[in-house]
Amino acid sequence: MLTCRDFLAELSDYLDERTDVELRAKLERHISECPNCWVIADTTKKTIRIYKGMEPVPIPQDVESRLMKALEQKMAGKPR
Amino acid sequence: MMKAAVMTVSSQAGFDETSLVTQAREGDNLAFAGLVKRYEAKIFRLAQHITQNREDAEDVLQETFLKAYEHLDQFQGNSKFYTWVVRIAVNQALMKLRRRKADRSVSLDEDIDTGEDTVTREVAAWDEDPEQRFSREELGEILNSSVDSLAPAYRSVFVLRDVEDLSTEETAEALNISVPAVKSRLLRARLQLREKLTRYFKRKGDDTFAYL
């Protein structure tokens, strides 16, 4: 029988689907019986989903032009 | 001259990374500029997360692509070009971070396991899509400030694994730490973030209940 602590130790692998079938079944049995761990698994899953879905904002124009200028200088100095 | 060309390249957003890399290695500067355009926003975000300083992040952004250009012949081609660039950026960013915080210790390499940080204190259910309660700007602010409040050792692992989508192995390599270290830091980072975000995302009217 898994304890909540055992469950939490495996949580990342469970959410990344990196556990074997047998362990996965045990973990799923645990969350079906433990509302707290179900909430933790569900909200951690959402945390990961929200961060993964975050598109980077385009870099500011001034940062972009300084980058391109530095690159141009580099390319002029050392043609590949 | 290059600027106009860069714009042309950036319009070919779907262009295959491998072909651009091959062309860049053969001396095609336009192809290299295309790779820069493709990844600059992600590298800048990564640098900001690690250094937590805009000026340093801009330096890291420039140094990363200049180094990548200079050492392109050393790129082996057995990892993705993006992963290789991320590795350069992480190194540059960590150097900045260490230099800036020289008087305080930056515990990226040391064991920060207290044994207690997987204990969860706040458990409350969230709505199905809790992020939709916030505007794009508000959400960005919430997500960034939450990540930035993590300890550097957790933050860097989380950003590489769950924001930049590197594998556990690639993250270990980029940070020069072991795979088990990535795994344990990732778990703690995820749990800590979950808890921080609960403040914003918990279902309205739900009482938090104590746990463990």
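Refer to the preceding data block for the structure.
Read on for a plain summary of the structure.

## Things to note about the packing of helix H7 (residues 152–163) of chain B against helix H8 (residues 168–175) of chain B
Residue and element names in this part refer to chain B.
Argument step 1. In contact at an axis separation of 9 Å, H7 and H8 are set at 135° when each is read in the N-to-C sense. Overall, the two elements H7 and H8 adopt an arrangement that is oblique. Where H7 crosses over H8, the handedness of that crossing is right-handed. Residue-level inspection shows Ser-156, Val-157, Leu-160 and Arg-161 of H7 in contact with H8, the latter providing Thr-168, Thr-171, Ala-174 and Leu-175.
Argument step 2. Of the residues assigned to the contact of H7 with H8, the class counts are four nonpolar, three polar and one charged.

## Some remarks on the interface of chain A and chain B
Argument step 1. Listed as interface residues are 30 residues of chain A and, on the opposing side, 41 residues of chain B.
Argument step 2. Every element with two or more residues in the side of chain A that touches chain B is listed here: helix H1 (4–15), helix H3 (35–52) and helix H4 (61–77) of chain A.
Argument step 3. With eleven residues, H3 of chain A is the largest single contributor of residues to the side of chain A that touches chain B.

## Focus: the nonpolar core
Residues and elements named next belong to chain B.
Argument step 1. The biggest cluster of nonpolar side chains holds 66 residues, and the ones touching the most others in it are Ala-47, Val-85, Ala-89, Val-157 and Phe-158.
Argument step 2. Composition of this core by domain shows at least three residues from each of domain 1 (2–100) and domain 2 (107–212).
Argument step 3. If near-sequence neighbours (up to four positions away) are discounted, Phe-158 is found in contact with Val-147, Leu-150, Leu-186, Ala-189, Arg-190 and Leu-193.

## Here we look at unusual backbone geometry
All names here are of chain B.
Argument step 1. A positive phi angle, near 55°, is found at Gln-52, a position not held by glycine.
Argument step 2. Summarising the element assignment, Gln-52 is placed in the loop between helix H3 (29–51) and helix H4 (54–70).
Argument step 3. In this structure Gln-52 comes out as partly exposed when scored by C-beta crowding, with 19 C-beta atoms within 10 Å.
Argument step 4. Here Asn-176, not a glycine, exhibits a phi torsion of approximately 60°, which is positive.
Argument step 5. Note on placement: Asn-176 falls in the loop between H8 and helix H9 (179–201).

Calculation notes
Residues numbered from 1 in each chain as written. Chains lettered and ligands numbered in written order. Predicted model: local features only at pLDDT ≥ 70, side-chain atom pairs only at ≥ 80, totals over all residues. Axes fitted to C-alpha atoms, helices over the stretch in contact; angles between N-to-C directions. Helix = DSSP H or I, 4+ residues; strand = E, 2+ residues; numbered from the N terminus. Parallel < 35°, antiparallel > 145°, perpendicular 65-115°, else oblique. Left-handed = near helix turned anticlockwise from the far one by under 90°. Contact = placed C-beta atoms within 7 Å. Nonpolar A, V, L, I, M, F, W, Y, C, P; charged D, E, K, R; others polar. Core = buried A, V, L, I, M, F, W, Y, C linked by C-beta atoms within 7 Å. Buried ≥ 20, exposed ≤ 12 C-beta atoms within 10 Å, placed from the backbone. Domains from an automatic or database assignment.

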